[in-house]
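# Chains, contacts and geometry: an overview
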Amino acid sequence: EHKNMKFLKPGKVVLVTAGKYAGRKGVIVQNSDNKTKERPYGTSLIGGIKKYPKKVIRGMSKARIQRRSRVNTFLRVYNHRHIFATRYNMDLSKELRGKISLADSSKKAESRRLFRKVCQA
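No experiment lies behind these values; they were computed from the predicted model shown.

Reading the values: the criteria
- Residues numbered from 1 in each chain as written.
- Predicted model: local features only at pLDDT ≥ 70, side-chain atom pairs only at ≥ 80, totals over all residues.
- Heavy atoms only, no water.
- Pairing = 2+ DSSP bridges.
- Helix = DSSP H or I, 4+ residues; strand = E, 2+ residues; numbered from the N terminus.
- Axes fitted to C-alpha atoms, helices over the stretch in contact; angles between N-to-C directions.
- Contact = heavy atoms within 4.5 Å.

Read from one edge of the open sheet, 5 strands run β4-β3-β2-β1-β5, paired in antiparallel fashion. Edge positions in the sheet fall to β4 (72-79) and β5 (83-89), since each of these pairs with one other strand and no more. Neighbour to neighbour, the strand axes of the sheet diverge by 35° on average, direction disregarded. Alignment of strand β1 (residues 12-16) against β5, held across 4 bridges, turns out to be antiparallel. Following the sheet pairing, Val16 is matched in β5 by Ile83. Across the sheet, helix α2 (residues 105-120) is in contact with β2 (25-32), β3 (43-51) and β4; its angle to β4 comes to roughly 115°.

Laid out in structure tokens, this is it:
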């Protein structure tokens, strides 16, 4: 068992190692070391980049550059064993703290929009 997951704090940059988004970079939004009945393991809510920005060159139009520099994000709860922490930290802005919720689909969509705004900047 992983007893000392003290370094998995909100803002820690991680790599997802399992599942649909394996290999994608993300950041811990919320962390929970205590086990629940439905999840008998430590979990973290990860906000990550589903689709990275594409390469842009000088000859492209403004609209095309705008479209290609868009990022697509995901929010998902992961088992601690399925994420790989890096040495980097990201300053999660104040507007994100306590506003992320996966309770129902509308809140999840709103949370994803908020997170995308932070990643886009």
